[in-house]
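Examining the three-dimensional arrangement
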Amino acid sequence: MVSVARLKRLVQGLTLVAVAAYTTIVLYQSMSTAASSSRGPSRQQVSGWQERAPRSISKDYDAINSNIILPVADPAAVHRSHNAKVTRKTSESDTNYNNVVLATGTSRPVGTQLSDVFISVKTTRNYHKWRLPVILKTWFQLAKDQTWFFTDSDDLEYQEKTNGHMVNTNCSSSHNRKALCCKMSVEFDVFLETGKKWFCHFDDDNYVNVPRLVRLLADYSPQEDWYLGKPSIRAPLEILNRDKSAQKISFWFATGGAGFCLSRSLALKMIPVASGGKFISIGEKIRLPDDVTMGYIIEHLLRKPLTVIDQFHSHLEPMKFLRQDTFHDQITFSYSHYSRDEMNVVKIDGFNKRIDPTRFLSIHCFLFSYSSFCPR
Ligand code: UDP
Ligand code: MN
């Protein structure tokens, strides 16, 4: 029979082991937290959020042709959960992604200014007169020297209106993968030539809150590798690796329609694979559109992670859920047509919808009320 004294010693021994193990875990945890928070911008692993496949995938590409494995098993369920999510979305911490890094707090490494940024806007011949006027009247006025429009034809009228900032890429004027990758490829090469510290890409249906964009970039060092943007799917994209058949690879990409930025340091590392038109070849190889190709190059080939910036917005999100009292903090807005008479636009007091169907004039006056066309 085990004596009481022996049992007591056994219990004491076990307690000691448990206390020692607990102390080690606590110590280890606090050390690793301290180490990660001292490494510049702090990051956080979070989970959750999705709505639908990226526009680019849903439109031009089918799963079979592109070897793509859409990360969404039940689109209807995803749609429901997305709606639930967005209605209660009030802050950055409320939007979740599966295993993706979110930038939270940052240090200010360098005094980044607007003149350090190269802003490219992708457009096309048929959209000049429909989409460019509202951009030229609003946010372009705050970044005239930095913003360049990449299109597919010569247009004297808009060349003049943009002070010579239209670039004819000579890419085809269609919305297919090759044409879009072709434009992105030229945008990237032109950026490299400028020597600027940051490359930011937008679509011609984006409103860019210019000073807020500059404040964002000022939080990151252009001498480090940064890929800043926002995914439109809640899980990384999975595709079949064409080099090693049957092997799956997965990566995140920033939706082009929300805008994204690359630091110069990262862009320089991309030169061997992406410069001088090589971007197009990669897009052709993986048969995916420009924004996905960008994610493939950066996340898969270069192994640099996307940093999610929640304040970038594409029209894949329902714009009406963005709250007006947060507009100063948002970096991009967008718009689209749900149907002939219903648009996906931000909800904002301001100009009449006939005068301002995209709401960009109203956003601009809300943010910069001193602008000449704003009511006083
Ligand atoms: N675009 C283009 N060529 C085209 C159609 C569109 O370069 O033939 C550009 C357009 O100017 C925009 C982007 O691609 O900057 C996305 O186009 P759109 O907003 O029409 O479609 P989405 O993909 O957002 O539904
Ligand atoms: Mn669009």
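So, here is what we can say about the structure in this document. The numbers attached to residues start from 1 for each chain and follow its sequence in the written order. Throughout, the order in which chains and ligands are written sets their labels, letters from A for the former and numbers from 1 for the latter. Two thresholds apply to this predicted model, a pLDDT of at least 70 for residue-level local features and 80 or more for giving and counting side-chain atom pairs, whereas whole-chain, interface and lining totals are computed over all residues. Values reported for side chains reflect all heavy atoms of the structure, with hydrogen atoms and water molecules removed beforehand.

On to the side chain of Asn 344. Secondary-structure assignment places Asn 344 in strand E16 (residues 343-344). Relative accessibility decides the category of a residue: with a 1.4 Å probe and only protein chains considered, values under 20% of the type maximum give buried, values over 50% give exposed, and everything between is partly exposed. Residue class for Asn 344 comes out buried when judged on its relative accessible area of 2%. Under this definition, polar contacts are N or O atom pairs within 3.5 Å; protein pairs additionally need one hydrogen-donor-capable and one acceptor-capable atom, and for neighbouring residues in sequence, both atoms have to be side-chain atoms. Side-chain polar atoms of Asn 344 contact the backbone oxygen of His 315, separated by 2.9 Å. Here Met 319 takes part through its backbone nitrogen, which lies 2.7 Å from a polar atom of the side chain of Asn 344. Each helix corresponds to a stretch of at least 4 residues labelled H or I by DSSP, and each strand to a stretch of at least 2 residues labelled E; elements are numbered beginning at the N terminus.

Across the interface, helix H9 (residues 264-274) lies against helix H11 (residues 290-301) with an axial gap of 11 Å and an inter-helix angle of 105 degrees. When the axis of H9 is compared with that of H11, the two are roughly perpendicular. Across the interface between the two elements, Leu 266, Met 270, Val 273 and Ala 274 of H9 pack against Met 294, Ile 297, Ile 298 and Leu 301 of H11. By the convention adopted, Pro, Cys, Tyr, Trp, Phe, Met, Ile, Leu, Val and Ala count as nonpolar, Lys, Arg, Asp and Glu as charged, and the other residues, Gly among them, as polar. Here the contact of H9 with H11 is built from residues that sort into eight nonpolar, no polar and no charged. With axes taken as lines fitted to C-alpha atoms, and helix axes fitted only over the stretch in contact, angles between N-to-C directions fall between 0 and 180 degrees. Angle categories: roughly parallel below 35 degrees, roughly antiparallel above 145, roughly perpendicular from 65 to 115, and oblique for all the rest. We call two residues in contact whenever any of their non-hydrogen atoms come within 4.5 Å of each other.

Residues enter a nonpolar core if they are buried and are Ala, Val, Leu, Ile, Met, Phe, Trp, Tyr or Cys, with the set joined through side-chain atoms within 4.5 Å. Counting residues in hydrophobic clusters, the biggest one holds 47 residues, and the most contacted among them are Leu 213, Leu 217 and Phe 312. Secondary-structure elements contributing two or more residues to this core are strand E4 (117-122), helix H5 (128-137), strand E7 (198-203), strand E8 (206-208), helix H8 (210-217) and helix H12 (360-367). The greatest single-element share of this core, amounting to five residues, is contributed by H12. In this structure, Tyr 227, Leu 237, Trp 252 and Phe 253 belong to the second largest nonpolar core, which totals 34 residues.

The next thing to look at is the coordination of the manganese ion (ligand 2). Only N, O and S atoms count as donors, using a 2.8 Å cut-off from the metal and 3.2 Å for Na, K and Ca, and because water is excluded some sites may appear unfinished. Of the protein atoms, only Asp 205 (OD) and His 315 (NE2) coordinate the manganese ion (ligand 2), at distances of 2.1 to 2.3 Å. Linking Asp 205 in the loop between E7 and E8 with His 315 in the loop between strand E13 (306-308) and strand E14 (332-334), this pair joins segments that are 110 residues apart in sequence. The class for Asp 205 is buried, based on a relative accessible area of 4%.

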